[in-house]
Each structure stands twice: as structure tokens, then as C-alpha cells.
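# Observations on chain architecture
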Amino acid sequence: MGHTGVEGEVEAVWRIESARLVAALTRMVGDVGLAEEFAQDALVSALEKWPEEGVPRKPGAWLTTVARRRVLDRWRRDERFRLRMVELGREIAERDGRAEFDAVLEEDYGDDLLKLMFVCCHPVLPTRARVALTLRLLGGLTTDEIARAFLVPESTVAQRVVRAKRRLADEGVRFEVPAGPDRDARLSDVLEVLYLVFNEGYTATSGERWLRPELSEEAMRLGRVLAELLPEEPEVHGLLALMELQASRFRARVGPDGEPVPLAEQDRSRWDRLLINRGLAGLRRSLPSDPAQPRGVYSLQAGIAAKHAVAHRPEDTDWHGIAALYEALVRRTGSPVIELNRAVAVSMALGPGAALGIVDALLGAKALNDYHLLPAVRADLLERLGRTEEARAEYERAAGLTRNERERALLLERARR
Amino acid sequence: MRYLMSIMSTPETEARDWEPAPEVYEAMGAYNEEMARAGVLLTGEGLTPTAEGAEVIFRDGEATVVDGPFTEAKEFIGGYWVIQVSSHAEAVEWAKRCPHPPKGDPTEMKLQLRRIGEIEDMEGMSEELKEREWNLRAQQENLNG
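The model shown is predicted, which means the values in this text are computed figures rather than measured ones.

## Digging into the side chain of A:Thr143
- Within the element layout of this structure, A:Thr143 appears in helix H8 (residues 143-150).
- Overall, the relative accessible area of 13% leaves A:Thr143 in the buried class.

In C-alpha cells form, the structure reads like this:
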């Protein structure tokens, strides 16, 4: 993105304004695809006009006005469009359009933005489409930026977005925040998409990396937007806290020569205090107001990340607390991977003997059949218990399962000790 | 990327009895709210006049403490925000939206934008090593929480 010039300014305005513009337009026309079309039209106008006329003092209002004019033009001209509005059950089709439109656009846009989030993450869409649509309509990212972030051709992303919008229209997905029990499930769909985007930025597998941290940042930004819109939802704060606490370690994870630094060896002074403080504040807000209520999975994970964040030295880590949080997480999720994590925490809190029982109980778990960390953790516990021969066999088994060369080398080295 | 956005002090804000007018508080509040709702505001604070501060000047191994107010009142930070944005232009765009003296008011107001250093700014780290760093994150997260 350019630093200067009108084009850079238009892009910047677009990033700031596009989500609420699309959200307000969707409310008007009842269809995200159509809404985005109108919003894009306004963007094109801006690109044409602003270089000559200069960027207006209130660029967001300018874009809104242009988009509104386009919708009204189409409305007058296009009988089908008019019928569609009636079809969608919009009372506005029967009233004076303009007044209604003004009212819609000047209203508090938060509710529309929230509806747009729920639409973008709708369960009728495949996960990848949810991610693409969220980044595009809520993040204001271009198809090209999304494509580069996910290392796929631009046409793939464009197609994904087009299909997603058509699917939403075909399925008659309503522009609304669902009510009742459905709401919780849908909210967790939204959270899942944000966390997916965050992790994509965090764990990038290959390719151009410069956009990757931006994906994590975008996920955090959308998390903050959501937390402003739904301040009473503990899990929204839980997810945001989790992302901020994980991101706080970003700088410390790499040594002076670029080598990765494991948690226990990180220079904790390099942890990002601003993000830690934000994460800890978010964590407090993620606790259910009624202590008898169970904590959500994001809140629990944020709790674990926070226990690391507040330990000034590795030996100050509250492993008992971490083990308890993992236990609660296992109860919520039933995940054997989390149970394995619990075993590691228990070994730190109570020693290898206590942990070995937990790990041994996992040996039959199908989900962990090819999971190299199971034998790796078991090997470490056996080694610490002095059962060297068994440890060696487990290290070798783990080395055979991992697909990461560096890790394999490390495991084989430990097997030889 | 993150930017430190600072609002520079003026002779007015440096005055001992300076207190923003209620409408200034209100406008700033609305501005902060707008940035918070857009998910870009990470933190921000206002600073008291430099009369309440001090400068520590080192010369020839010696530290000299000079109590405020500082000279050159326009050169100092009166308040700051830390914002997270996607581009330099976006940071500038947010800065331009800061409440300011209206047309016809000759009072000058200045904001400064400084990008906060991130991992990409680390010198002497090869692209390949950065790449490896990204790769290892997931695995570490798995077992470390």
C-alpha cells in the first residue's frame, strides 16, 4: 500500500468505512452481494473524483451519499429490484424511500455491523468462504490481499466470494442477529472464524510472510469491534484476550540469530506489556458474572496464556493453576490433545510420575494415533523417571511420526542420549 | 502495524490552569469511541503540562535534573494514542479525524505519527529465519498454551 497519494488515501478511507457502508446497504437492500456492489460503485466514484476534486472532509459521508444515490436510482429504474424489496418484506418499498434510507444510514450502525458479522460467518457457507467473506466485507481487504495471505490464486478467492454471496442469497439467509439458543451457536461460529484468521497469521506455513502478521492483527481488530458490539458476551472477551496474550509473545520468540526460542527460554522483558495488560483486562471480563456458570473455552485458554504472561520467571509459573484450567477445558471439549497438554502441566506441577498415568491412559485414543507429541511427551516423562530404554523407544517413535525435519533431528538426538 | 500518535502541546495547554472546555472533552471522547468501535485503539492517555514534569540531562557522565516547565512548549507531547492500523495512510486518515480548531480559528494544532517497531523491523534477521520463526509458533502454542 502506498504511503502517499490520493490512491493511498482512498484505500485508507475504504478500510475504515467499508464495513459499515456495506452493513448499512445490506440492511437497505437485503442482500450482501448487492450491497457490496453498491459500495464498490461508490469506491470507484471516489477513485475517479477525488484525484481531481481532492479528498472530501468527510469521506465516509461522501461514500455513503454516493451509494445511497445509486440504490435510489436503481430502485426507480428497476421494477425487478423494487419487487425484490417487497419480496424481502421490506416495508421501505411501500414508503418514501429516501426518508427511510436516510434514517437507516444515520442510525447507530453497530447493529448492522453485528448482523453483517453473523451473515459472513453463516453455517450454510464452507469455512474457507466464511473466512474470505469476513476479510473482504468486514476487513475491507481486497481479493488480491486475501489471495496473497492464503497463498491461493486471486481467481480462487474471487470465486469463493462470489459463490458465498450467491449461496447466501439462494438460501435466503436473513440479515439478522439470531435469537434464542441458535444465537450462541452462531456466535461461536463468528468467534471460530476470527480465531482461524488469527492462527493463519500466527502459524503461516510458507510463502510470503509480510501479510501474515497483518492477518493476526486483523483478527484482533475484528475481535475488538465485536467486543465493543457485544460487551456482555464473556466468550468474545475470552477470545480477544487469548489472541492478545498470544500475540504479546511475538517478539520474544526469536533469538538474536533468528533461532526460535521456546517459552521457558524467552526473554520475558521482550513480551509486549501493552498486549498483556489488554489481555489480562479482557480475561477479567471473560469470567461469567455468575461464578457457578462454567467458563467458556476461549476464556479458559486465555486463562492459561495469562498464567504464563504474569510469571516473571519460568520457575514462577503457576503450573497447578494451568493444570486445573486444562482440566476444565478437557471437561468442556473432551479433546485428547488438551488432555495431553494437561499431562504436561501436571508433570510440571507434580512431577513426571503423576503425569505418566494421564499419558498412558491416552495411548488407545484414536485421535492421537499419528500424533508425534504423544510419544514425545511420554518419552520425556520416562526419561525423567529414569526409564531410559523405554524413553529411547518413544523418542524414536515420535521422530518417525513428525513431519518437521528440525524436530525429527532433535528427537533423534534425545533418543541417543 | 502500530503507530504512536501524539498530540503536541501548545502554549495554552502548557498553562498551569489549563483545562479543556467541556465540548473539547466531548469531541475527544467521541473520537476515542469511534476508534475503539473500529477496533484500532489500543490505548491512550493525556499528559499534564510540563510544569509538572522534569528533564534529566546527561553531559560528560553527569546527570542534571531540570524541573519543568520545558522551553519550546510546542515540541512536547500533550497526549498520545497507540493505534493498530493496516497502513501508513490509514494512520494518517485517523489522525486527520482528530477534533481540531475549526476553520477561521488561527490556533495551530499538531499531531505526530511514529510507527512502532515490530518483528519485521528486526535487523540482521534473514527472511528464511523469519519464515522458520512463523512456522514454529503453532507447535509451541500447542504445548505451551
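From this point, the narrative continues.
## Description of the sheet that holds strand S6 (residues 111-115) of chain B
- Across the sheet, which stays open at both edges, the 4 strands sit in the order S2-S5-S1-S6 (chain B) with antiparallel pairing between neighbours. Both edges of this open sheet fall to strand S2 (41-46) and S6 of chain B, since each of them pairs with a single strand only. The sheet shows a mean angle of 15° between the axes of neighbouring strands, taken without regard to direction.
- Where strand S1 (residues 2-8) of chain B lies against S6(B), 5 bridges are found, and the strand directions are antiparallel. Across the sheet, the residue bridging to B:Leu4 is B:Arg114, located in S6(B).
- Across the sheet, helix H13 (residues 273-285) of chain A touches S1, S2 and strand S5 (77-84) of chain B, and the angle it forms with S2(B) is around 100°.

## Observations regarding the pairing of S5(B)
Residues and elements named next belong to chain B.
- With 7 bridges joining them, S1 and S5 adopt antiparallel strand pairing. Note on S5: the bridge partner recorded for Met5 is Trp81.
- Pairing of S2 with S5 involves 5 bridges; the strand directions are antiparallel. Bridged to Thr43 within S5 is Val82.

## Digging into unusual backbone geometry
- The linkage connecting B:Gly68 with the following residue, B:Pro69, adopts the cis geometry, with an omega of 0°.
- Among the secondary structure elements, B:Pro69 is positioned in the loop between strand S4 (62-67) and S5.
- One non-glycine residue, A:Leu151, lies in the positive phi region at around 55°.
- In this structure, A:Leu151 sits in the loop between H8 and helix H9 (154-170).
- Non-glycine residue B:Asp60 carries a positive phi angle of around 55°.
- For B:Asp60, the position within the fold is in the loop between strand S3 (54-59) and S4.
- We classify B:Asp60 as exposed; its relative accessible area is 77%.

## Here we look at the environment of B:Glu75
- Mapped onto the elements, B:Glu75 comes out in the loop between S4 and S5.
- With 67 residues separating them in the primary sequence, B:Glu75 and B:Met8 have C-alpha atoms 6.6 Å apart.

## With respect to helix H17 (residues 352-361) of chain A
All names here are of chain A.
- Those residues of H17 that sit buried are Pro352, Ala355, Leu356, Ile358 and Val359. Looking straight down H17, one finds its buried side chains confined to an arc of 165°; they lie on one side.
- Where H17 is buried, its residues meet helix H16 (336-350) and helix H18 (373-384).

## Quick notes on a nonpolar patch on the surface
- Residues B:Val56, B:Phe58 and B:Val65 make up a contiguous nonpolar surface patch of about 340 Å² in total accessible area.
- Locating B:Val56 in the fold gives a position in strand S3.

## Description of the pattern of salt bridges
- Following the criterion strictly, the structure yields 36 salt bridges over all chains and no others.
- Note that A:Glu37 is salt-bridged to A:Arg74, the shortest N-O span being 3.1 Å. Taken as a pair, A:Glu37 in helix H2 (residues 32-53) and A:Arg74 in helix H3 (residues 59-77) lie far apart in primary sequence, 37 residues in all.
- Note on A:Glu37: relative accessible area 43%, which makes it partly exposed.
- Here A:Asp380 makes a salt bridge to A:Arg384, at a shortest N to O gap of 3.3 Å. A residue pair is termed a helical-turn pair when its members lie 3 or 4 positions apart in one helix, as A:Asp380 and A:Arg384 do in helix H18 at 4 residues.
- It is possible to trace a salt-bridge network through shared partners that takes in A:Glu17, A:Arg20, B:Glu34, B:Glu93 and B:Arg97.

## With respect to the nonpolar core
Residue and element names in this part refer to chain A.
- Residues Leu116 and Leu226 are the most contacted members of the largest nonpolar core, which totals 90 residues.
- Of all the elements, helix H1 (residues 5-29) adds the most residues to this core, at 10 residues.
- For Leu116, the contacting residues outside a window of four places in its chain are Ala19, Val22, Ala23, Thr26, Val32, Leu137, Leu138 and Phe175.

The rules we used
Residues numbered from 1 in each chain as written. Chains lettered and ligands numbered in written order. Predicted model: local features only at pLDDT ≥ 70, side-chain atom pairs only at ≥ 80, totals over all residues. Heavy atoms only, no water. Helix = DSSP H or I, 4+ residues; strand = E, 2+ residues; numbered from the N terminus. Buried < 20%, exposed > 50% of the residue type's maximum accessible area, 1.4 Å probe, protein only. Pairing = 2+ DSSP bridges. Axes fitted to C-alpha atoms, helices over the stretch in contact; angles between N-to-C directions. Contact = heavy atoms within 4.5 Å. Arc of directions from axis to C-beta. Patch = residues over 30% accessible without salt bridge, like charges linked within 9 Å, V, L, I, M, F, W, Y side chains within 5 Å. Areas by Shrake-Rupley, 256 points an atom, 1.4 Å probe, with all protein chains shown as cover. Salt bridge = Lys/Arg side-chain N within 4 Å of Asp/Glu carboxyl O. Core = buried A, V, L, I, M, F, W, Y, C linked by side-chain atoms within 4.5 Å.

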